[in-house]
Amino acid sequence: MEDTSETFLLWSRNCLDQNTNATPSTQSSAISIAHEYFTSASSPSKQLALLLASIGDKPISSKQSSNKSKLLALKYLLGSLQTFDHGDGDGDGGLTRRSLSIEMSRTIGQFLSQLCGPMIDNGGNGDNETFDATMQDAQDIHDDQLIIVTSDDVRDEAVKCTSALLQIPLNQIEVSLSSSLKFRIITATQAVQKRCTSLENCVEEDDDDDYIDGDEGQRGEETTLLSGLSLLPRAKRAICFRVLESALQGIQCDKDGFETSQEFLISSSCSDHLVDFAILAGTCLIGETDPRCLVQMLRLLFQVQSVLAPIVEDTIHKLSKRESGEAASLKGFPYTAIFDSAAVYYPVRFTPPPNDPHGITKEGICRALMDVITFSTPSVNDEVITEYAGQHDDNASMVVLATGLFLERISPPRPIDPYGDDEIEQEITTVQDRIEALEDLSSLLLSLIEGDHEYSVLNKLTPASVKEMSNVLYRCHDNAAASVASATSDEEKRDFKVLADECRHFVTRIACGFERMLRSPNVNPIDSFWDIFVKDRVKDLVGIIASSPQSLKGRMAIAYLASLSACGGEKTLRLCLDMCIPRLAGLLDENAKSEDSNRDKEKMSTVVYGISVLFSSCRLSMEKMTKEGINLYPHPLRAFGSTIVQTLCRIIEDIEDNSMDELHIAAVKALESVLLSTPNLILNESDGEDSITVRDTVLFLAKMLVADISVDKDGSEEWNTASARLVGSTIGKGLRGKQNGEDNPNSTLLESDQEIISFVENTLFPRLIESSCQVGNTMNSQLQRNDWSVLAYACEVDQDHAVYVIVSELYSTLVSIIQNCRKSDSGSDIPRATIVATALSHIMNSGGPNAILAFHNASINDISGSAMIKALTDNSTDLSGNGHIMEEMSTLLLPETRERYRTQADCAAKLSHSILPNLLHAYSSNNVPKKLIQNTVSRVSQVLPPLSDWDGTELCTLLPILSVILSSKVVVQDDTSVTLTKILSDLVGYALNEEALGASRSAAASCAFSIVASYQYKDSACIGLILLYDHIFPTIVCGIQAEGITSDIKISDSLFDAINLAAMIASAASQRGTKSSITADEVATFFVLVACEGAARSPALGVTTTLDCNNDNIKRSAAMALGAILSVNGSPFAKQRLVHMIIPIVLSSSQIRSSRFSSADIGFLLCACHIVCCVPVKAIGQENLSGLVSAIVEGLEGVLQHTFSADDSSASKPAIVNQLISLLLAALLKVYNQSLSCVLSLTQTYVPSLDLRGDLLGALLGSSWRYLILVCALLDSDFDDLLDLDFGALLGSSWSTFLECSHTL
């Protein structure tokens, strides 16, 4: 007891002394002292009792006690309560849990409850005399140490102590679960209610009756609570919400403890208390607008549901087993009340402020809200709870309520009655809102469709909610599908299409879930959800289809039925097929018997379309069931598969004089769907008649497609596409059937019938290959080649075998043509080789993901890695017939022999230039064989630098391929990377060689760029700097020294190429980053100095002396090179550093310019434009941006005056001026959009009435008026003064519109 007395003495000195100043350090000290003492106390409960006895009602609750004393006393009490367990495990060192008795907890709760309520504020410092004395004694205390404590501070601290108390475990030996739960519920409720009660609303209550088992003391006034809670600041509301959270944590602790120690059952009155507490929590959310408190309360409500709902529902379930009828009088869990409180925030409309330190996001609020309104308990007592909810309308499950909320958002807007007297107000719901609501509904009902609790959510629905869902989804699909046709913009049409697609997808999945529910023994098959959602809807839709299938409603009904058929359920599939296909087939037969003039082809086309989509849906559904190990017998299509095939073939063969209409097109599409969906065993039941009919029909279509490829085909593009798909499917499946060989009961007729397989192998496929390799009268690449489309569709149908056969056949044909062309050296076969290469390109683009892989598999060659490359670059045949390899230097050959070698090399180069552009994209994928990469790099290293004409020819083939491979950033081995580094200097030399072909030089430069950027070791020095120093800048220096003296001399090609290549290497260095960024800085600075000042030096680049350049053409080239460097997407920080290095040079140059424009200013203006156009505005900086914009505005004014001046001849207006004007306007337009103030500060100086005229022109010309406004502003002219100027070259066709409208203005 000695320690206890000392503790009480310390508490008395710090907390009861009226003159003690309640500084933050004092408050923290009180908590620390209490925490340290009670942590080491052997009997903390007993010590806490002594502490409370010492505190008592005197003086802590007396009006004479100061607020400071109360606050410090509560701080001390808070520290003591925090030493007890808070439901997170055992006590210190795994010893006995530190818990409180129920009596002690109630005593503390009553004590804190008094302090949570309103009290008369005594100024925070006791009586006036004491307060005056305290102020007198505190004269020497700093102002920030004198703390004024109000009564609200005391009340908040009491609420915090209550939170700590409610988390402490109770002694389960001496207390029942009901008593424990009621204590936490009532204590938390009283704390919140009293904290929200003002002094005017304070009513004397008898706290001694708060813990009886009845309902007294629990019924707080919601109006008082809401009004008081809304008046509290956000931080104080958060404190109240934490009390409720603490109560739930304590309840969870009790629940876990009692579940392991005794039967988990509470009294009916306790269950009602839990329900009232949940209602109170929901009430606290009403009217909350602060996003921080909103997230806190939503998480609290989810915790309320997670903790309390299982207890209440379990109590109802257990009491329902008794015959006393006690369960009927129980309150159900208040899902409706909680839902009504939270649903008003759906959908979430929140945009967080910039740099929000609290981290509140729209996504976070959405997740918290969805957790509440989509809550579902994984209860095993769904039947009892659902029955109970049906008897109590106020206790509907959250699944039903949330489903109704989402359906309300999904439902299309009601049409407004034009003759109605009253205007019906309805919330405007956008298409995107409906899409998001549909996604939320899918997340609610289908998130566990494949999980362990597969149907726990769907079981909580009611027949009424399922019926409403069926109606709303059907209306939504109808509205969305109809709106696609009537939409006025592409974006609107796209949104409605997405909504219709998502609606059908959801219908497919939910129908599958309802059918799987039928397997449960607890589901009543007579009135099941499947009957309501599927069966009833199918009956309605079949009636629409039978009466008017060609109408908009009929077409949408077919699409809706198809989505139901594809669900993967046997019952749904058979219902849809059995009710729909016989009626559709009957309509076809009825129409076929009528005379041609009476046939409704639109109606029949729709019927055929319906048959097609139903067969496709059957195939998808069967595939889903096969994956689940379900085999159907008899097959759903057995009754009408053969009949439909015969009918469709008759329609197709009924074509006369190549006059195809919409019915024939629909029949071809439907036949493809039927043949890919119907098993062979069904169609072969008619003694092979089906296979003969199909074979004849496919051959008929193939002949129509490839009869004469030299002319355009008759028929529409839609007909050609449909026919190509059918013939392609036949080829793809036939080739697959030949490969598989074995009969599969589920295989289709196209891949199982031996006659069709033989027909494909011996007739159809060879004919299509032959047609695809023929050259027509036109070489127009835009011409639609039906034979190529057929082969592409064949590859798409079978990605496992057919694609490899087709690509290999075309590839071997191409190699054979190349070899023949090389032997003859005449070049006559080059057009045919080009056609085959183009066919391969089309198949690789449209033949599915495995087409490129098939191309590389077909190209594998043991020697070079590619048979095509070997055929193009092989030089093993000598013209002399000796058979030796031509490796001699061309300069050592005799003239006649060299000419003959050159002829052969030219033929190979022409072949490469004709073939490679179509096939290069195949080398940009990750499927390029490693061996091909290694051999290509190795061979390039052997022929660089080229010593013969044939070396140059090989480079024409190898360099473009290598450039594409390297640009795709493939991973290469270390030895390959070393080889690439070694050939880099030779690549640069070849790129600067004016005698080499331009395409090969460009490919060499591209290779050099990729190697510098991606293929050198990271720890080595920048190899680009070495190239610039040794190879490129010596050429630049010589060129400037020779051509930089005269201002108007044309720049040589060698100097122009060297400048551009230097820009490429610098760009590559910038993209590589790290130490290489310095290389880009040096090159960019050099070019800026040349363009702006006409003088530059750079020792790092080998330019040790200052180069003087007066040539305007060189300055422009240097400025363009700067633009190339800035346009590369390297490191943003490196680009920002580079810009801040060169902007001072540009701005300083602008200050020494004359007011009159001259050609010498073009380089400077180009640099300014490239900086503004290529660099983000924020990276430039506001001050630098203002200087650049001012220079650009002045330059634009000068160049326009110079361009349109009457005394200048057209010869003095170079073409670069038009490019400069475009760049100047583009730079100003970018700044106009991103930093308007920089432009307006200049334009408003010239044209005060600019805004009014801008609005008028904006309505007439669209975005082009911005260019006109800037021009007018800079010329200080009215619009009438511009009518005689030739702006057509600058502004395009919109200028003529402006001229027409200007007279109206």
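Described in the following lines is the structure provided in the data block. (Residues numbered from 1 in each chain as written. Predicted model: local features only at pLDDT ≥ 70, side-chain atom pairs only at ≥ 80, totals over all residues. Heavy atoms only, no water.)

**Some points on the overall build of the chain**
For step 1, the next point in the chain: Helix and strand counts for the chain stand at 55 helices and two strands.
For step 2, the next point in the chain: Within the chain, the proportion of its 1305 residues that are buried is 53%.
For step 3, the next point in the chain: The long-range fraction of contacts in the chain, counting pairs at least 24 apart against all pairs at least 6 apart in sequence, stands at 77%.
For step 4, the next point in the chain: About 58,400 Å² of surface is accessible on the chain, with carbon and sulfur atoms providing 50% of the total. (Helix = DSSP H or I, 4+ residues; strand = E, 2+ residues; numbered from the N terminus. Buried < 20%, exposed > 50% of the residue type's maximum accessible area, 1.4 Å probe, protein only. Contact = heavy atoms within 4.5 Å. Areas by Shrake-Rupley, 256 points an atom, 1.4 Å probe, with all protein chains shown as cover.)

**Quick notes on the packing of helix α11 (residues 268–285) against helix α13 (residues 335–343)**
How two helices pack is summed up by the angle between their axes together with the distance between the axes.
For step 1, the next point in the chain: The interhelical angle for the contact between α11 and α13, taken along N-to-C directions, is 10°, at an axis separation of 9 Å. Comparing their axes, α13 and α11 come out roughly parallel. For the pair formed by α11 and α13, the contact residues are A278, I279, G282, T283 and L285 on the first element and A337, I338, S341 and A342 on the second.
For step 2, the next point in the chain: Of the residues in the contact of α11 with α13, the class split is six nonpolar, three polar and no charged. (Axes fitted to C-alpha atoms, helices over the stretch in contact; angles between N-to-C directions. Parallel < 35°, antiparallel > 145°, perpendicular 65-115°, else oblique. Nonpolar A, V, L, I, M, F, W, Y, C, P; charged D, E, K, R; others polar.)

**What to know about the nonpolar core**
For step 1, the next point in the chain: Counting residues in each nonpolar core, the largest one holds 358 residues, and the members touching the most others are L445, F533, M868 and F1086.
For step 2, the next point in the chain: Sort the elements by how many residues they give to this core and helix α12 (residues 291–320) lands first, with 15 residues.
For step 3, the next point in the chain: Every residue in contact with F1086, bar those within four places of it in the chain, is listed here: F1033, I1036, I1040, A1096, R1097, S1098, L1101, V1103 and L1107. (Core = buried A, V, L, I, M, F, W, Y, C linked by side-chain atoms within 4.5 Å.)

**Concerning the packing of aromatic side chains**
For step 1, the next point in the chain: All told, the structure shown has eleven aromatic pairs when counted by the stated rule.
For step 2, the next point in the chain: On the numbers, 5.4 Å between centres and 90° between planes, the contact of Y474 with Y560 is edge-to-face. Taken together, the positions of Y474 in helix α18 (residues 463–486) and Y560 in helix α21 (residues 552–565) put the pair 86 residues apart, joining distant regions of the chain. Here Y474 matches Y560 in class, with each residue buried.
For step 3, the next point in the chain: Ring geometry for F1086 and F1087: centres 6.0 Å apart, planes at 65°, overall edge-to-face. One exposure class covers both F1086 and F1087, and it is buried.
For step 4, the next point in the chain: Among the aromatic residues, ring-to-ring pairing joins F514, F529 and F533 into one connected group. (Phe/Tyr/Trp six-rings, centres within 6.5 Å; stacked < 30°, edge-to-face > 60°.)

**A look at the pattern of salt bridges**
For step 1, the next point in the chain: Under the definition given, this model contains 24 salt bridges.
For step 2, the next point in the chain: Between R516 and E628 there is a salt bridge, with its nearest N and O atoms 2.2 Å apart. Note that R516 is positioned in helix α19 (residues 490–517) and E628 in the loop between α23 (601–627) and α24 (641–653), a separation of 112 residues in sequence.
For step 3, the next point in the chain: Residue classification places R516 among the buried positions, given a relative accessible area of 14%.
For step 4, the next point in the chain: The partner of R1001 in a salt bridge is D1057, with the nearest N and O atoms 2.8 Å apart. One end of the pair, R1001, is in helix α41 (residues 998–1014); the other, D1057, is in helix α43 (residues 1053–1072), and 56 residues separate them in sequence.
For step 5, the next point in the chain: The exposure class assigned to R1001 is buried, which follows from its relative accessible area of 14%.
For step 6, the next point in the chain: The network of salt bridges with shared partners includes D152, R155, D156, R195 and K236. (Salt bridge = Lys/Arg side-chain N within 4 Å of Asp/Glu carboxyl O.)

**Considerations on the packing of helix α31 (residues 786–797) against helix α32 (residues 802–824)**
For step 1, the next point in the chain: In the contact formed by α31 and α32, the axes pass within 7 Å of each other and the chain directions differ by 145°. Mapping the contact onto sequence places L791, A794 and C795 in α31 and A802, V803, I806 and L810 in α32.
For step 2, the next point in the chain: For the contact of α31 with α32, the class distribution of residues is seven nonpolar, no polar and no charged.

**Quick look at the side chain of D798**
For step 1, the next point in the chain: Structurally, D798 can be placed in the loop between α31 and α32.
For step 2, the next point in the chain: Lacking a salt bridge, the buried D798 has R736 as its closest oppositely charged neighbour, with an N-O distance of 4.2 Å.
For step 3, the next point in the chain: Apart from the residues lying within four places of it in its own chain, the contact partners of D798 are G732, R736 and V803. (Lys, Arg positive; Asp, Glu negative; His and termini not counted.)

**Overview of the environment of A1134**
For step 1, the next point in the chain: The residue A1134 is located in helix α46 (residues 1132–1151) in this model.
For step 2, the next point in the chain: Taking relative accessible area as the criterion, A1134 reaches 7% and is therefore assigned buried.
For step 3, the next point in the chain: Separated by 60 residues in the primary sequence, A1134 and T1074 place their C-alpha atoms 8.9 Å from one another.

**Quick notes on the side chain of S772**
For step 1, the next point in the chain: Here S772 lies in helix α30 (residues 754–772).
For step 2, the next point in the chain: Apart from residues lying up to four places away in sequence, S772 is in contact with R785, D787, W788, L791, I835 and A839.

**Here we look at the environment of T429**
For step 1, the next point in the chain: Inspection of the secondary structure puts T429 in the loop between α16 (398–410) and α17 (431–446).
For step 2, the next point in the chain: C-alpha of T429 to C-alpha of I410: the two residues are 19 residues apart in sequence and 8.4 Å apart in space.
For step 3, the next point in the chain: Among residues more than four places away in sequence, those in contact with T429 are R409 and R434.

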